[in-house]
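Summary of structural features
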Amino acid sequence: MTVTAYINVETPAGRKIVSDLEKHRKLVKIEYPEVAAIENEKTYTVDEVFDECIDILSSHYKVDGRKIWNSIK
């Protein structure tokens, strides 16, 4: 017998429930939505997210974050 549950993973409680369920790999099969389900939503690449984070940190700390990042690569 199986049960289908819809969990809102946009909330901390929902993410915790899914995290707890993922610990039981032998008993629980989790299916995530296909890419088509989030087709109309904006998604970001890792580089886009990184660039935005560098910009936020640079403005917050009043430094050139890109220059610092390039010097430690």
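As a reminder, the structure under discussion sits directly above these lines.
Calculation rules
- Residues numbered from 1 in each chain as written.
- Predicted model: local features only at pLDDT ≥ 70, side-chain atom pairs only at ≥ 80, totals over all residues.
- Heavy atoms only, no water.
- Helix = DSSP H or I, 4+ residues; strand = E, 2+ residues; numbered from the N terminus.
- Rg over C-alpha atoms; globule rule 2.2 N^0.38 Å.
- Buried < 20%, exposed > 50% of the residue type's maximum accessible area, 1.4 Å probe, protein only.
- Lys, Arg positive; Asp, Glu negative; His and termini not counted.
- Charge placed at Lys NZ, Arg CZ, Asp CG, Glu CD.
- Contact = heavy atoms within 4.5 Å.
- Polar contact = N/O pair within 3.5 Å; in protein donor to acceptor, adjacent residues only side chain to side chain.

Describing the overall build of the chain
Each helix and strand counted, the chain has three helices and zero strands in total. Starting at the N terminus and walking to the C terminus, you meet the elements of the chain as α-α-α. What you see for the chain is a C-alpha radius of gyration of 19 Å, clearly larger than the 11 Å of a compact globule of 73 residues, by over 25%. Taking the principal axes of the C-alpha coordinates as reference, the chain spans close to 60 × 30 × 20 Å. Taking all 73 residues of the chain together, the buried fraction comes to 7%. Here the chain contributes 11 positively and 13 negatively charged side chains, and the mean placements of these two sets differ by 9 Å.

Focus on the environment of Arg66
Within the fold, Arg66 resides in helix H3 (residues 65-72). When the C-alpha atoms of Arg66 and Ile56 are compared, they prove to be 11 Å apart, with 10 residues separating the residues in sequence. When neighbours within four sequence positions are excluded, Arg66 is seen to be in contact with Asp51, Ile54, Asp55 and Ser58. There is a polar contact of 2.7 Å between the side chain of Arg66 and the side chain of Asp55.

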